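Close look at the chain arrangement
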Amino acid sequence: MGHDITTQVLRNGIAVNAEAAQALQLDPTDELIVLERLRYVNGALHQHVETYLPASKYPGVLAHDFSSGSLFDYLEQAYEVVMSRNDLLARVEVPSPAMAHLLQAKPGTAILAVDSTVYSDGDTPVAFGIARHTPANSEISFSMRNPS
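Residues numbered from 1 in each chain as written. Predicted model: local features only at pLDDT ≥ 70, side-chain atom pairs only at ≥ 80, totals over all residues. Heavy atoms only, no water.

A word on the overall build of the protein chain
Tallying secondary structure elements over the protein chain gives three helices and six strands in all. Taken over C-alpha atoms, the radius of gyration comes to 16 Å for the protein chain, in line with the 15 Å a tight globule of 148 residues would show. Expressed as lengths along the three principal axes of its C-alpha atoms, the size of the protein chain is roughly 50 × 40 × 30 Å. The burial tally for the protein chain puts 40% of its 148 residues in the buried class. Here the protein chain contributes 9 positively and 17 negatively charged side chains, and the mean placements of these two sets differ by 8 Å. (Helix = DSSP H or I, 4+ residues; strand = E, 2+ residues; numbered from the N terminus. Rg over C-alpha atoms; globule rule 2.2 N^0.38 Å. Buried < 20%, exposed > 50% of the residue type's maximum accessible area, 1.4 Å probe, protein only. Lys, Arg positive; Asp, Glu negative; His and termini not counted. Charge placed at Lys NZ, Arg CZ, Asp CG, Glu CD.)

A few points about the sheet that holds strand β1 (residues 5-15)
Backbone-to-backbone hydrogen bonds pair the strands of a sheet. The strands run either parallel or antiparallel. Taken in spatial order, the six strands of this open sheet run β1-β2-β3-β6-β5-β4, and their pairing is antiparallel. The sheet is open, and its two borders are formed by β1 and β4 (83-93), each paired with just one other strand. Direction aside, the axes of adjacent strands within the sheet are offset by 20 degrees on average. (Pairing = 2+ DSSP bridges. Axes fitted to C-alpha atoms, helices over the stretch in contact; angles between N-to-C directions.)

Printed below as a string of structure tokens:
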């Protein structure tokens, strides 16, 4: 669409997260890779994204530089994982004070958060993530049409 998309990687490491493990159909104590990024569109902060993957399946993610390029393109090239489904849940969230600061939002401001669980062929969960949008980007619009 002609926009300049850039990414700042804040963290690429190991974590334990029960919510993400459940979405990935793993044990709540399993180690996960967490990839935390800020995304910018045309130089303006657009969203904060945390993505979790099973550490045992995709260890190469820890050594890869995700400041440019797509995580899912990398998984397809490095692990031959083809994404077949993405389940999304859009919700309104009041972020923690630390997250509000990161998103340049006033404390107490509601934002759009989108949970995403991505599956490969065979409905195998690959990644679970949460994208939190800045207040200026916390809006969804829908257009429904009658197929005639």
